[in-house]
Amino acid sequence: MIMMPEKKARKTWSLVTRSSPLPGFRLSIGFTLSYLTVIVLIPLVAIIQHGARGGFGVFLRTVTAPRVMASYRVTLGSAAAAALLSALFGMLLAWVLARYSFPGKRIVDAIVDLPFALPTAVAGISLTALYAENGWIGRFLEPHGIHVAFTPIGIVMAMSFVGFPFVVRSVQPVLEDLDPAMEEAAASLGANAWQRFLRVIAPVAFPALLTGTALAFARAAGEYGSVIFIAGNMPMKTEITALLIVTKLEEYDYSGAAAIAVAMLALSFTVMLVVNLLQWWVQQREGKRQ
Amino acid sequence: MSIQVEHISKQYGSFTALADVSLTIGNGELLALLGPSGSGKTTLLRIIAGLESPDEGSILLHGEESTQHSASRRGIGFVFQHYALFRHMTISENVAFGLRVQSRQTRPSRRDIRERVLELLRLVQLDSYAKMYPEQLSGGQRQRVALARALATKPRVLLLDEPFSALDAKVRKELREWMRSIHDELGVTTVLVTHDQEEALEVADRVAILNRGRLEQIGTPQTIYDNPASPFVYNFLGNVNLFHGRLLADLSSQGRGGGEGEANQAAVGFVRPHELEVSRDLPRDGKAVVASIVRIHSAGPQVRLELSIAGNGRPVTAELGRKRFEEMALVPGDNIFVWPQSIRLFDDDGARALLLDQGAGI
Amino acid sequence: MSSRFAIPSSALLQPSIQQRVGRVVLITAALLFLALFLVLPVAAVFAQALSQGLKMYRDSVRQEDVLSALRLTGLVACIAVPLNMLFGIAASWAIARFEFHGKSLLITLIDVPLAVSPVVAGLMYVEVFGLHGWLGPWLSEHNLHVIFAVPGIVLATVFVTFPFVARELIPFMQAQGSDEEVAAVVLGANGWSVFWRITLPNIKWALLYGTILAASRSIGEFGAVSVVSGHIRGQTTTLPLQVEMLYNEYNFTAAFAAASLLTLAAIVTLVLKKIIEVTSGVHQHMEEKEVKS
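Numbers given to residues run from 1 along each chain, matching the order in which its sequence is written. For this description, chains carry letters from A and ligands carry numbers from 1, given in the order in which they are written. Residues qualify for local features only when their pLDDT is at least 70, as the model is predicted, and side-chain atom pairs are given and counted only at 80 or more; totals for whole chains, interfaces and linings, by contrast, use all residues.

Student: I tried to follow the interface of chain A and chain C on my own but got confused; where do I start?
Tutor: Note: interface size is frequently given as the accessible area lost on complex formation between the parts. With C-beta atoms placed from the backbone, a contact is any residue pair whose C-beta atoms sit within 7 Å. Contact with chain A, which involves 81 residues of that partner, is made by 80 residues of chain C. For the side of chain A that touches chain C, the element with the highest residue contribution is helix H1 (residues 25-51) of chain A, accounting for 15 residues. In this count, Pro and Cys sit with the nonpolar residues alongside Ala, Val, Leu, Ile, Met, Phe, Trp and Tyr, while Asp, Glu, Lys and Arg are called charged and the others, Gly among them, polar. Of the residues that constitute the side of chain A that touches chain C, the class distribution is 59 nonpolar, 13 polar and nine charged. If DSSP finds at least two bridges between two strands, the strands pair. Runs of E in the DSSP output that reach at least two residues are strands. Runs of H or I that reach at least four are helices, and both are numbered from the N terminus. By the bridge criterion, two bridges tie strand E1 (residues 16-18) of chain A to strand E1 (residues 99-100) of chain C in an arrangement that is antiparallel. The partner of A:Arg18 across the bridge, within E1(C), is C:Glu99.

If you want it as structure tokens, here you go:
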């Protein structure tokens with residue numbers, strides 16, 4: 001028998017970490033990367049570069065101007081309230097859809113996606129029509145002094161409208177995938193219904209609830225179309241940051257618009273980071289990563 | 001604690017899962033519920049546990065009517081086929097669960113809980129895994145944790161739903177022996193559901209065989225293997241050869257034990273492969289059949305002969321020890337004499353008949 | 001075989017009266033919320049659109065501006081959606097079938113449009129293709145218009161909709177596994193054969209589902225398109241922009257009439273999605289699957 005001399009393996013870096021018999025890697029990754037570069041990376045770099053033009057000091061002054069700060073208060077405050085509302089109703093819907101059966105359930109399940117499918121402008125004008133003084137809902141609220149249209153409350157309503165499906169679609173699959181045997185095990189060990197919910201169901205559903213709420217928040221903070229009709233758009237009072245950007249554009253203040261846009265991007269990326277961290281934490285907790 | 005199952009029936013829509021099943025499980029006994037898929041054994045176990053409710057009948061735990069009690073009230077321990085460990089809790093948190101959810105009055109102190117958890121983990125030999133998550137353990141280890149968790153609250157009854165069927169064959173064997181030894185040590189009444197007859201026969205004090213929602217037979221492993229009450233039981237527990245024929249004479253007149261059956265009645269004879277005698281010579285009473293050897297399976301502790309009966313080509317399987325096999329120097333194609341050492345006859349519908357000693361009536 | 005059938009978990013263990021009442025309360029609350037929050041707005045759209053009669057409705061919809069907005073919306077969707085399908089297929093092939101460095105980063109990049117405000121998205125393209133943008137001078141020289149013209153609208157739409165197909169296909173293909181494709185390669189098929197004969201038939205429903213999502217979003221996109229379009233009536237207004245214009249001119253009936261077309265499209269989207277979910281098992285929720293024991 002011939003003994004082959006041992007070859008020392010040379011370590012070379014390659015993009016692919018595990019070879020595969022399937023073809024088409026180069027083509028698919030090449031196309032994907034080019035697409036992303038043109039559609040995402042270059043425009044991102046362009047706007048960041050413009051927004052940061054003139055130095056950090058100028059940038060900071062622009063994004064902390066009084067009117068801008070007011071828009072942050074309005075936008076983030078409303079988005080936070082909307083996220084909480086979304087969490088509440090989203091959780092309710094996810095629970096009902098995941099665990100109960102009732103007539104018309106399929107239709108209900110489909111309707112939850114309506115805010116995803118409906119153009120934001122349509123949502124905007126119809127919500128305004130509903131909550132205006134003589135609107136179907138507004139006419140019941142106005143006499144009691146509850147003004148929704150053209151107030152921050154209206155903004156919160158519109159933001160909740162577009163946000164709650166995120167919570168439902170985050171939590172629902174987790175609840176559905178819950179192993180019934182786990183609940184039965186808990187019952188066999190003596191846990192009552194409340195204990196089962198608190199100790200077995202909630203810990204599993206909570207990260208998904210957090211993720212969904214974070215996504216709802218991000219969407220609400222960036223929302224434009226559904227909000228601008230009902231908001232009233234008064235500077236310092238009911239002007240959201242996205243609208244402020246558009247206003248600056250119309251005034252040809254491109255740099256100002258870009259700077260504020262960069263600030264909004266920072267927020268978006270922070271939320272994305274938070275969501276990713278959440279998901280990493282869950283996997284860590286379940287021992288999937290060491 | 002003893003368990004009484006009385007006239008339990010359960011239907012799912014038009015499917016009958018259990019039909020009037022009654023049995024008693026003695027205190028400290030290990031009973032196996034054995035049967036094929038759909039036989040109702042898991043349903044019965046879950047009804048005993050309180051995870052399902054019967055349409056009719058009642059369950060008595062230690063003489064106490066428990067049919068309406070929810071699973072959390074029955075003081076049972078349940079081990080699931082796929083472990084059902086709480087994946088977001090560590091191993092020790094899993095085991096401690098049953099103790100932690102007890103009401104204030106009965107709940108042990110935190111220290112006591114910790115000690116008990118440690119004690120149980122030592123019992124199942126997983127104490128070094130206490131801080132790990134279920135995901136990080138193998139299947140066999142997870143099932144041991146599930147067992148420890150079920151035992152933590154000192155249940156009066158331990159119920160296991162096909163606990164080893166999701167595991168490798170070797171792990172299965174080890175775990176079943178180990179489970180038996182734990183049962184012996186703790187003395188807790190145990191009910192085990194399985195479709196693996198080897199497992200049931202090896203481990204249980206008594207075995208209850210279910211088929212299509214009915215209790216076919218209940219008895220010690222020895223009893224049901226040697227004296228199966230019906231063709232189903234016979235067939236389910238090991239290999240069998242079937243001989244269809246007619247009774248030559250009224251069996252009771254022949255003085256054979258427990259015989260019924262008139263002359264000329266159609267009957268089916270059941271003979272186990274190891275109960276078939278093979279020889280190159282005719283037996284003393286001359287009652288034998290000629291068969292030719294089709295194939296020989298000689299790997300393993302016994303040698304299995306696939307035979308074909310001369311005249312009608314009926315396939316028959318015989319088993320014999322290696323020594324005997326080598327003495328006879330059999331090869332495929334050889335013609336030999338075959339007769340049953342003992343045979344069990346059932347009439348065509350499967351009702352009982354009797355036990356014969358020599359090959360009469362073939 | 002477990003003799004357990006598909007019982008909703010909350011039904012186990014003989015629900016007490018308390019639990020039964022609780023269930024009814026929760027379901028009612030959920031349905032009430034949905035009715036108030038979702039059904040009413042949709043109803044309001046149609047109510048307002050038809051408030052001045054069917055004839056007025058028809059006339060509003062047949063106005064030239066609305067029709068050209070409709071055409072533009074359709075055109076943009078017909079370009080953006082196939083492009084994004086292509087991207088989705090390429091990206092999911094790379095991500096679901098190969099292991100490589102930077103895969104998570106790639107996936108994160110694909111999620112970017114979902115986190116970014118549409119107005120910011122539109123502005124990003126103005127920064128590249130606008131008059132004062134990176135390519136601005138070059139484009140003016142060659143008399144090419146991107147911003148305030150159709151190409152800009154297409155680009156902005158592509159940006160906000162490209163994740164949808166990819167995000168449907170990637171988990172789907174990951175779950176399916178590559179066994180069939182590997183088997184085909186072993187049997188001697190080349191890349192395109194494998195793709196056309198094995199991959200495509202297997203992913204067709206997930207692909208369709210993602211395409212519907214992408215199409216629905218392209219039709220409805222407002223913020224990003226608003227920034228890049230310049231709102232030139234008859235030329236660069238898509239239907240959602242047209243709705244805004246009519247509304248701001250206090251022409252409510254016409255605005256809602258146009259909005260009703262978009263709402264119908266949204267409803268059709270939801271119906272198609274549900275049909276695909278139910279018949280093909282794509283994206284399906286547990287209760288519609290057979291319970292395997």
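Continuing now.
Student: Help me understand the interface of chain B and chain A, please; the structure alone is not making it clear to me.
Tutor: Counting residues at the interface gives 22 residues for chain B and 20 residues for chain A. Of all the secondary-structure elements, those providing two or more residues to the side of chain B that touches chain A are strand E6 (76-79) and helix H2 (91-100) of chain B. The element best represented in the side of chain B that touches chain A is E6(B), accounting for three residues.

Student: Which parts of the structure should I look at to understand H2(B)?
Tutor: Two residues of an α-helix separated by three or four positions point the same way, owing to the 3.6 residues in each turn. Buried residues are those with 20 or more other C-beta atoms within 10 Å of their own C-beta, exposed residues have 12 or fewer, and partly exposed residues lie in between; C-beta atoms are placed from the backbone. Among the 10 residues in H2(B), eight count as buried, and that is most of the element. The complete set of buried residues in H2(B) reads B:Ile91, B:Ser92, B:Asn94, B:Val95, B:Ala96, B:Phe97, B:Gly98 and B:Leu99. The elements touched by buried residues of H2(B) are helix H9 (180-188) of chain A together with helix H3 (110-123) and helix H4 (139-151) of chain B.

Student: What exactly am I supposed to notice about the pairing of strand E3 (residues 30-34) of chain B here?
Tutor: All names here are of chain B. A large share of E3 lies buried, amounting to five of its five residues. Sheet analysis places E3 next to strand E8 (residues 189-194), joined by five bridges and oriented parallel. From the neighbouring strand, leucine 33 faces E8, where its bridge partner is valine 193. As judged from the four bridges shared by E3 and strand E9 (residues 206-211), these two strands associate in the parallel manner. Counterpart to leucine 33 in the pairing with E9 is alanine 208.

Student: In this structure, what is going on with unusual backbone geometry? I would like to understand it.
Tutor: It is generally the case that most residues other than glycine have a negative phi and that most peptide bonds are trans. Residue and element names in this part refer to chain C. A positive phi angle is found at asparagine 143, which is not glycine, with a value near 55°. Among the structural elements, asparagine 143 can be located in the loop between helix H6 (136-141) and helix H7 (150-176). The class of asparagine 143 is exposed, set by 6 C-beta atoms lying within 10 Å. Non-glycine residue tyrosine 250 carries a positive phi angle of around 65°.

Student: Would you take a moment to explain the confidence of the model for chain A for this structure?
Tutor: It should be kept in mind that the predicted coordinates are not to be read in detail where pLDDT is low. A score from 0 to 100, pLDDT tells how confident the predictor is in each residue. Model confidence for chain A is summarised by a mean pLDDT of 89, while 94% of its residues fall at 70 or above. No element of chain A has a lower mean pLDDT than E1(A), which averages 80, and none a higher one than helix H3 (residues 66-99) of chain A, which averages 94.

Student: What exactly am I supposed to notice about the pairing of strand E15 (residues 302-309) of chain B here?
Tutor: Each regular strand shows side chains that alternate between the opposite faces of the sheet. All names here are of chain B. Both strand E14 (residues 289-297) and E15 contribute to a ladder of six bridges, which runs antiparallel. Looking across to E15, one finds that isoleucine 296 is bridged to leucine 305. The hairpin formed by E14 and E15 contains four residues between the paired strands, and glycine 300 there has a positive phi angle of roughly 110°. When E15 meets strand E16 (residues 315-321), the two strands line up antiparallel, connected through seven bridges. Looking at the pairing, serine 308 lines up with proline 315 of E16. Counting the residues that bridge the hairpin from E15 to E16 gives five residues, and of these glycine 311 lies at a positive phi of roughly 100°.

Student: Mind showing me how you'd approach H4(B) here?
Tutor: Residues and elements named next belong to chain B. The first and last C-alpha atoms of H4 sit 19 Å apart over 13 residues, in line with the 18 Å expected at 1.5 Å per residue. In terms of residue burial, H4 counts as a mostly covered element, since 10 of its 13 residues are buried. Among the residues of H4, Arg142, Gln143, Arg144, Val145, Ala146, Leu147, Ala148, Arg149, Ala150 and Leu151 are the ones counted as buried. Structurally, H4 contributes buried residues whose contacts are with E6, H2, H3, strand E7 (157-161) and helix H5 (169-186). A helix is expected to span 1.5 Å multiplied by its residue count minus one.

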